[in-house]
Amino acid sequence: MGSDVVRRLALAVGTAALLAGCGNAAQTAKNSQSPTPSATTRIQRVKIGQAVTLSGADDSGGAGRLRLTVKVKQIVSTATGHGAFQQPRKGERFVAARFVLKNVGDAAYDDSPTYGAKVMDDAGRTYDPTVATVTAGPGFPKVVKLRQGQVRSGFIVFAVPKKAKVVSVHYALNAGFAADLAEWRAR
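Since we're looking at a predicted model, the values are computed, not measured.

Looking at the overall build of the protein
So, point 1. Looking only at helices and strands, one finds 2 helices and 11 strands in the protein.
So, point 2. Across the 187 residues of the protein, 39% fall into the buried class.
So, point 3. Sequence separation of 24 or more characterises 70% of the internal contacts of the protein that already satisfy a separation of 6 or more.
So, point 4. Element-wise, carbon and sulfur atoms account for 54% of the exposed surface of the protein, whose accessible area totals about 10,800 Å².

Now the structure itself:
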């Protein structure tokens, strides 16, 4: 085989492995590891555009030291993916929520904001984020680091059935496992 063929084969195998590791929107939405609210969860219900202060554990395990003010600034109910490989599966559409995070605590924030987010439809089904970028605006990097006072904004994308009516966005720190949960009602 020529070196050009070997290079193409290696690229194809590497791309397939990368995509297999990321999963797809359907797999993401059915994540059985997703946290669910418990009796000790404190839920703050607000409207889109309102900020909520959430607490969580910092890297040293200090519960309550990690504090972020979180706002869902905008929901794009039918978001357009970037390019041919950033499209929802047949029967689905992308919904994107623009989050604004501000560190108001003593501890530095060093985490992926994506894992703490969910959207809920009018039938009570929840959907986890999916790996996609949309034309509505930039997403968050895999890991966001915020020192006290720093602010970061980005879109988190969800794949939902085309007919689903998204009614709320949920968010909690520590990949969704923190005791504080915010719920933004779409209407």
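What about the pattern of salt bridges?
Oppositely charged side chains can form a pair if their charged atoms are brought close together.
So, point 1. Summed over the entire model, instances satisfying the criterion amount to 6 salt bridges.
So, point 2. Glu183 is the partner of Arg45 in a salt bridge, and the nearest nitrogen-oxygen pair spans 3.1 Å. In this pair, Arg45 is assigned in strand 1 (residues 42-47) and Glu183 in strand 11 (residues 180-185), connecting sequence segments 138 residues apart.
So, point 3. For Arg45, a relative accessible area of 57% puts it in the exposed group.
So, point 4. Exposure remark for Glu183: the relative accessible area of 6% places this residue in the buried category.

A closer look at the confidence of the model for the protein
So, point 1. In this model, the protein carries a mean pLDDT of 81, and residues with pLDDT of at least 70 account for 75%.
So, point 2. Below a pLDDT of 50 lies the segment residues 1-35, which in the model reaches 24 contacts outside its immediate sequence neighbourhood of four places, other chains included.

Regarding the packing of aromatic side chains
So, point 1. Here the structure, examined in full by the defined rule, presents 2 aromatic pairs.
So, point 2. Ring centres 6.1 Å apart and planes at 85° place the aromatic pair Phe99 and Trp184 in the edge-to-face group. Here Phe99 is found in strand 4 (residues 92-103), whereas its partner Trp184 is found in strand 11, with 85 residues between them in sequence.
So, point 3. You can call Phe99 buried: its relative accessible area is 0%.
So, point 4. Given a relative accessible area of 0%, Trp184 falls into the buried group.
So, point 5. One aromatic cluster in this structure is built from Phe99, Tyr171 and Trp184.

Here's the deal with the sheet that holds strand 1
So, point 1. Within the open sheet, the 5 strands sit side by side as 1-11-10-6-7. Their pairing is mixed. Single-partner strands in this sheet number two, and they are strand 1 and strand 7 (126-127).
So, point 2. The pairing of strand 6 (residues 117-121) with strand 7 spans 2 bridges and is classified as antiparallel. Each residue of the ladder has a partner; that of Met120, found in strand 7, is Thr126.

Description of the nonpolar core
So, point 1. The biggest cluster of nonpolar side chains holds 29 residues, and the ones touching the most others in it are Val70, Phe99, Tyr109, Val160, Tyr171, Leu173 and Trp184.
So, point 2. When contributions to this core are tallied by element, the ones reaching two or more residues are strand 2 (51-57), strand 3 (63-79), strand 4, strand 6, strand 8 (144-146), strand 9 (151-161), strand 10 (166-171) and strand 11.
So, point 3. For Val70, the contacting residues outside a window of four places in its chain are Gln50, Ala51, Val52, Leu54, Phe99, Val100, Leu101, Tyr171 and Trp184.
So, point 4. In terms of nonpolar packing, the next biggest core, distinct from the first, is built from 9 residues, Val76, Ala96, Phe155 and Ala159 among them.

Describing unusual backbone geometry
Across the chain, the bulk of peptide bonds are trans and the bulk of non-glycine residues have phi less than zero.
So, point 1. Phi at Asn174 is positive, roughly 55°, even though this residue is not glycine.
So, point 2. Structurally, Asn174 can be placed in the loop between strand 10 and strand 11.
So, point 3. A residue is classified by how much of its surface remains accessible, and Asn174, at 24% relative accessible area, is partly exposed.
So, point 4. A positive phi angle, near 60°, is found at Ala175, a position not held by glycine.
So, point 5. Checked against the element boundaries, Ala175 lands in the loop between strand 10 and strand 11.

Quick notes on the rules
Positions within a chain are numbered from 1, following the residues in the order the chain's sequence is written. It should be noted that, the model being predicted, local features are given only for residues of pLDDT at least 70 and side-chain atom pairs only at 80 or more, the latter also being counted only at that level, while totals for whole chains, interfaces and linings use all residues. Here the side-chain values reflect all heavy atoms present in the structure, with hydrogen atoms and water set aside. For helices the rule is a DSSP run of H or I covering at least 4 residues; for strands it is a run of E covering at least 2, with both sets numbered from the N terminus onward. Partly exposed residues are those whose accessible area sits between 20% and 50% of the maximum for their type, while under 20% is buried and over 50% is exposed, using a 1.4 Å probe and protein chains only. The contact criterion used throughout is that any non-hydrogen atoms of two residues lie within 4.5 Å. Each accessible area value is a Shrake-Rupley result obtained with a 1.4 Å probe; residue values ignore everything except the protein chains displayed when judging cover. Salt bridges, as used here, are contacts in which a Lys or Arg side-chain nitrogen is within 4 Å of a carboxyl oxygen on Asp or Glu. Per-residue confidence from the prediction method is given by pLDDT, with values spanning 0 to 100. Centres within 6.5 Å are what make two rings of Phe, Tyr or Trp a pair, Trp counting through its six-membered ring; a difference in plane orientation under 30 degrees is then read as stacked, over 60 as edge-to-face, and the rest as tilted. One bridge is not enough; two strands pair if DSSP finds at least two bridges between them. Throughout, nonpolar core names a set of buried Ala, Val, Leu, Ile, Met, Phe, Trp, Tyr and Cys residues whose side chains join them through atoms within 4.5 Å.

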